[in-house]
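Breakdown of the fold
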Amino acid sequence: MNELLERLARWSLLHPSRVALRDDEQTVTYRQLWNRVQGVAQAIMDSGVQRLGLVGDNSVAWVVADLACVRAGVVSVPVPTFFSPSQRQHLVETAGLDGILLSTADVRAEEVAETVGGGLWMHRLPVERELSVLPPGTVKITFTSGSTGTPKGVCLSAAQLGRTLRALDTRLSQLELPQHLSVLPLATLLENVAGVYLSLFRGAEVSVPGLASLGLSGSSGMDSQRWLSEQNRWQPTSLILVPELTRVLIEGAESGALQHRGYRFLAVGGGRVSPSLLRRAEKLELPMFQGYGLSECGSVVALNAPAENRIGSAGRVLDHVDVHVGPGGELQISGSSFLGYLGETPVDESHAVASGDLGFLDQDGFLWVSGRKKNLLITGFGRNISPEWLEAELTQSAGMAQALVFGDGEPHPLALLYPGPTDNGVEDCRQAIEALNANLPDYARLSHVYLLPCPFQNIDSTAVTPNGRIRRALVLESLESWLASAECLSTQSIEQPQPRMFAQE
């Protein structure tokens, strides 16, 4: 990370008037950015605070705060805006925060203790118990929402983040990406490192407008029309996307709503992406490239690039890490791992991380990720199926809004679906499933699907994580009650009776 600071200082001298950051309210040059970072860093050091939470929407001030923490040598802890109050409180307590940096737009008058400049305010927190011990070298703690809803802190070092940054720069060395637009929360490690850090490292311009202005709300709320119109307005050359944003972008290009075509690199991560969706992007000449990573490994492990792209794969492994396939097909990643989980025994950065993901490396070195080890289904015919694969096909190819695939031990997989707020009837859903089945291998074809009348979270507010993922274990624990509220739809492509586990006695 020191190398990133050195680059910022260098750009401030070589290109002082070049735009570094832009949001809804202001434009900041590289010289202005460097001056603000130094000023806020000094204020942080003078305060004596050691662990700072970063709170707020995407903005220039958020980036300044993050970089100032690096400069000041304090531990930064991004606080996801979509965390619930209880999750935020858990984060504050487990990380032992003694201060929070807020932008002017997010601060409340009664919380303000002092201004630190750069559009930022510091709110000091009382530390009422002994601080948890951090692994030596921790500079950032990134929290995952967790499948159970309890956030887990991943402790990262400056050296690890620096290695990821340099490896990404090398992988994309043939690409000029002058303007990056952040469409994911800056508290998301992937956007933080591969979006902001990498762009500033290369002397590019980073646009960080508030997410609401882009048509995004919470963890998964989206005004698609607004989001596409903002793409046309900002005209970025690069984006980091999750699967749902990928789908909207492609559909916008197909319908003509997306007019901006100046993209040079569209990275897709955060979940499995349907190969058919990527082929649609290829047909539209959208430069879309899938990658794979873990917070524990600095956010990015593998990435496709223009000169080396294999649709369906996660790309070649970056130079700073090694991946091998362990027992049961689980991917093991070594070479640049985290320092340990907050509150647990520290680990050596050279140790291998058990990813929990299933996959393999092909003969050309491309990484293929098939799903989560713990979610693996084994059909009654002995075929292994990763439900994430079919869920991606259901949401991205068949157009379902939400999908959960299940049916361990059944002859064929089953799915619980929310089709979405459309006027499409049951027959339209049947046709979509039939079309999907026609392109699946026979053992993976869905025999029955169960259509919910509303989103999962409307039936049970705890069934979906704050970042929009269905809590599989929670739903499966009470699956029969979920199915009771759904309409069963059998497909015509598979002739068989009602699944055994749900057959009437």
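Look a little higher up for the structure.
Heads up: these notes are all about the structure in this document. All values derive from a computational prediction rather than experimental measurement.

Another point: the pattern of salt bridges. The full count for this structure, using the stated rule, is 17 salt bridges. The network of salt bridges with shared partners includes Arg226, Glu230 and Arg233.

This next bit is on the sheet that holds strand E26 (residues 402–406). Strands sit in the order E26-E27-E28-E29 across an open sheet of 4 strands; the sheet is mixed. Only two strands of the sheet have a single partner each, and these edge strands are E26 and strand E29 (487–490). The mean angle between the axes of side-by-side strands here comes to 25°, regardless of whether they run parallel or antiparallel. As judged from the 4 bridges shared by strand E28 (residues 448–451) and E29, these two strands associate in the antiparallel manner. Bridge pairing in E29 links Leu451 to Glu487. In the packing of helix H10 (residues 387–396) onto the sheet, contacts are made with E26 and strand E27 (414–418), and the angle to E26 comes to roughly 150°.

Looking now at the nonpolar core. Leu33, Ile44, Leu200 and Trp227 are the most contacted members of the largest nonpolar core, which has 102 residues in total. Residue contributions to this core peak at 10 residues, all from helix H3 (residues 60–72). Sequence-distant contacts of Ile44, that is, excluding residues within four places in its chain, are made with Val49, Leu52, Ala68, Cys69, Ala72, Val74, Leu101 and Met122.

This part is about unusual backbone geometry. Excluding glycine, most residues fall at negative phi; most peptide bonds, likewise, are trans. Not every positive phi belongs to a glycine, and Gln235 is a case in point at roughly 50°. Within the secondary structure layout, Gln235 lies in the loop between helix H7 (224–234) and strand E14 (238–241). The class of Gln235 is partly exposed, set by a relative accessible area of 47%. Although it is not a glycine, Ser299 sits at a positive phi angle of roughly 100°.

Turning next to the environment of Leu67. By the secondary structure assignment, Leu67 is in helix H3. Note on Leu67: relative accessible area 1%, which makes it buried. When the C-alpha positions of Leu67 and Tyr197 are compared, they lie 9.1 Å apart, and in sequence the two are 130 residues distant. Aside from chain neighbours lying at most four places away, what touches Leu67 is Leu4, Leu5, Leu8, Leu33, Val37, Tyr197 and Leu200.

What follows deals with the side chain of Gln332. The residue Gln332 is located in strand E20 (residues 330–334) in this model. Under the relative-accessibility criterion, Gln332 is labelled buried at 13%. Contacts of Gln332, omitting those with residues within four sequence positions, involve Asp322, Val323, His324, Gly326, Ala352, Val353 and Ala354.

Our next topic: H3. Taking 1.5 Å as the rise per residue, H3 with 13 residues should run 18 Å; its terminal C-alpha atoms sit 18 Å apart, in good agreement. Most of H3 is tucked away: 11 of the 13 residues are buried. Looking at H3, one finds that the buried residues are Val60, Ala61, Trp62, Val63, Val64, Ala65, Asp66, Leu67, Ala68, Cys69 and Ala72.

Looking now at helix H5 (residues 158–171). The end-to-end C-alpha distance of H5 is 20 Å, a good match for the 20 Å that 14 residues give at a rise of 1.5 Å each. Three or more residues of H5 are buried, namely Gln160, Leu161, Gly162, Thr164, Leu165, Ala167, Leu168, Asp169 and Arg171.

Moving on, we come to the packing of helix H1 (residues 2–14) against helix H2 (residues 30–47). A packed helix pair is summarised by two numbers, namely the angle formed by the two axes and the spacing between the axes. At a minimum axis distance of 8 Å, the contact between H1 and H2 shows a crossing angle of 135°. Relative to H2, the element H1 lies oblique. Crossing hand, H1 versus H2: left-handed. For the pair H1 and H2, contact is made by Leu5, Leu8, Ala9, Trp11 and Ser12 and by Tyr30, Arg31, Leu33 and Trp34, respectively. Considering only residue class, the contact of H1 with H2 consists of 7 nonpolar, 1 polar and 1 charged.

Attention now moves to the packing of H5 against helix H6 (residues 189–201). Their axes nearest at 10 Å, the elements H5 and H6 cross at an angle of 70°. Between H5 and H6, the angle falls in the class roughly perpendicular. Judged by residue contacts, Leu161, Thr164, Leu165, Leu168 and Asp169 of H5 engage Val193, Ala194, Tyr197, Leu198 and Phe201 from H6. Its residues assigned to classes, the contact of H5 with H6 comprises 8 nonpolar, 1 polar and 1 charged.

Now for the packing of aromatic side chains. Evaluated as defined, the whole model comprises 5 aromatic pairs. With 6.1 Å between their ring centres and 5° between their planes, Phe360 and Trp368 make a pair best called stacked. Residue class for Trp368 comes out partly exposed when judged on its relative accessible area of 22%. Cation over ring: Arg7 sits above Phe201, and NZ or CZ is 3.8 Å from the ring centre. In this structure, Lys152 packs its charged tip against the face of Tyr341, placed 4.1 Å from the ring centre.

Cut-offs and rules
Residues numbered from 1 in each chain as written. Predicted model: local features only at pLDDT ≥ 70, side-chain atom pairs only at ≥ 80, totals over all residues. Heavy atoms only, no water. Salt bridge = Lys/Arg side-chain N within 4 Å of Asp/Glu carboxyl O. Pairing = 2+ DSSP bridges. Helix = DSSP H or I, 4+ residues; strand = E, 2+ residues; numbered from the N terminus. Axes fitted to C-alpha atoms, helices over the stretch in contact; angles between N-to-C directions. Contact = heavy atoms within 4.5 Å. Core = buried A, V, L, I, M, F, W, Y, C linked by side-chain atoms within 4.5 Å. Buried < 20%, exposed > 50% of the residue type's maximum accessible area, 1.4 Å probe, protein only. Expected span 1.5 Å × (residues − 1). Parallel < 35°, antiparallel > 145°, perpendicular 65-115°, else oblique. Left-handed = near helix turned anticlockwise from the far one by under 90°. Nonpolar A, V, L, I, M, F, W, Y, C, P; charged D, E, K, R; others polar. Phe/Tyr/Trp six-rings, centres within 6.5 Å; stacked < 30°, edge-to-face > 60°. Lys NZ or Arg CZ within 6 Å of the ring centre and 35° of its normal.

By themselves, these are just geometric observations and shouldn't be taken as functional.
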